[in-house]
Amino acid sequence: MLIKRKSIEQEESSRPAASAPAAKPARKPKYAPVTLSEFDGVRYLHFGTEWVQGAMRIRKPNWLELEYAQQMMAWMLWLEQPRRIAQLGLGTAALTKFCYTTFADAQVTAIELNPSVITICETMFKLPPNDTRLQVLEMDALDFVNDKANVDTLDALQVDLYDATARGPVLDTPEFYQACNACLTDDGVMTINLFGDHPSYARNLKAIKFAFAQVICLPQVHDGNVVAIAFKHARPVDMEALTARAAQIVAATKLPAKSWVKGIAAK
């Protein structure tokens, strides 16, 4: 399906000057090459493999093109006016752009370790520049969630941390998910993209259930994506209220929120 591929390799850093001390310079992390493909009006991001790391419909740059990305917004069923939203893993900035344009009063923060991904999002995926409401930070997601300044600050946290092999989240320990939990407010909700057809799924789900009071998984989509919804504090699943809220979301955003409720009901 993915054709017209063109690669955009990360530029290697320049060598130290001849006059530099004899000690070896600190080694910079190596990242997989950032590559793009386009098909039928959709631009895709890859990390040097056929695995899709994100997508953008070129004529609708702020729309969530992939179904799993739409499901990552399922926290909207419980949160109507979030004050602060964060994404761990930028991808094509799809979630970041959608949250930034949909929630005009919210602070949106995205964390991305690979500087080339940030550059590609700015140049090829219509990521707007940082401003008073938007922060895209080049840093390790683990450092972000372990930062005491972020404790009890996030209403919604979206975790989508995959490497070039796309076989499972790169951060998946109980301690990592406990740190995610600590960043949430009392009513906070986390959504996370898991890979249902891989052993990493069971390991991650076990770790998430250890760290969170309540976890709901939506039905699998695409080539194995499963979005889990994790709550800092358990709450009753009121299907009538969720159905009414889903109708509001569909009317306001055109996201398929009614299908999320059906998926929850089927569990």
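Structural data are supplied above this passage.
Please read these numbers as outputs of a predicted model, since none were measured by experiment.

(A) Molecular detail of the overall build of the protein chain. Within the protein chain one finds 8 helices and 11 strands. For the protein chain, the residues scored as buried account for 51% of the 267 residues in total. If you take every contact in the protein chain between residues at least 6 apart in sequence, the share linking residues at least 24 apart comes to 67%. Only carbon and sulfur atoms are counted for the fraction: they give 52% of the accessible area of the protein chain, which is about 13,600 Å².

(B) Just the packing of helix 7 (residues 239-253) against helix 8 (residues 257-265), in detail. Where helix 7 contacts helix 8, the two axes come as close as 8 Å, and the packing angle between them is 160°. For the element pair helix 7 / helix 8, the angle class is roughly antiparallel. Of the two possible hands of crossing, helix 7 and helix 8 adopt the one that is right-handed. Here Met239, Leu242, Thr243, Ala246, Ala247, Ile249 and Val250 of helix 7 lie close against helix 8, whose contacting residues are Ala257, Lys258, Trp260, Val261, Ile264 and Ala265. Each residue belonging to the contact of helix 7 with helix 8 can be placed in one class, and the counts come to 11 nonpolar, 1 polar and 1 charged.

(C) Up close: the nonpolar core. Formed by 57 residues in total, the largest nonpolar core has its most connected members in Met73, Trp75, Leu77, Leu90 and Trp260. Ranked by size, the runner-up nonpolar core spans 31 residues in total, among them Leu171, Met190, Leu205 and Ile208.

(D) Region of the structure containing the packing of aromatic side chains. On inspection of all chains with the given rule, the structure shows 4 aromatic pairs. Where tryptophan 51 meets phenylalanine 195, the ring centres are 5.7 Å apart and the plane angle is 85°; that geometry is what we call edge-to-face. Of the two residues, tryptophan 51 is situated in the loop between strand 3 (42-46) and strand 4 (54-57) and phenylalanine 195 in strand 9 (residues 184-195); the sequence distance between them amounts to 144 residues. Ring centres of tryptophan 78 and phenylalanine 231 lie 4.8 Å apart, and the angle between their planes is 80°; on these two criteria the pair is classed as edge-to-face. Remark: phenylalanine 231 occurs in strand 11 (residues 225-231) and tryptophan 78 occurs in the loop between helix 1 (67-71) and strand 5 (84-88); sequence separation between them is 153 residues. Of the residues examined, tryptophan 78 reaches a relative accessible area of 17% and is grouped as buried. According to the relative accessible area criterion, phenylalanine 231 is buried, its value standing at 1%. Seen from the ring of tryptophan 63, lysine 60 lies directly overhead, with NZ or CZ sitting 5.0 Å from the centre.

Parameters at a glance
- Residues numbered from 1 in each chain as written.
- Predicted model: local features only at pLDDT ≥ 70, side-chain atom pairs only at ≥ 80, totals over all residues.
- Heavy atoms only, no water.
- Helix = DSSP H or I, 4+ residues; strand = E, 2+ residues; numbered from the N terminus.
- Buried < 20%, exposed > 50% of the residue type's maximum accessible area, 1.4 Å probe, protein only.
- Contact = heavy atoms within 4.5 Å.
- Areas by Shrake-Rupley, 256 points an atom, 1.4 Å probe, with all protein chains shown as cover.
- Axes fitted to C-alpha atoms, helices over the stretch in contact; angles between N-to-C directions.
- Parallel < 35°, antiparallel > 145°, perpendicular 65-115°, else oblique.
- Left-handed = near helix turned anticlockwise from the far one by under 90°.
- Nonpolar A, V, L, I, M, F, W, Y, C, P; charged D, E, K, R; others polar.
- Core = buried A, V, L, I, M, F, W, Y, C linked by side-chain atoms within 4.5 Å.
- Phe/Tyr/Trp six-rings, centres within 6.5 Å; stacked < 30°, edge-to-face > 60°.
- Lys NZ or Arg CZ within 6 Å of the ring centre and 35° of its normal.

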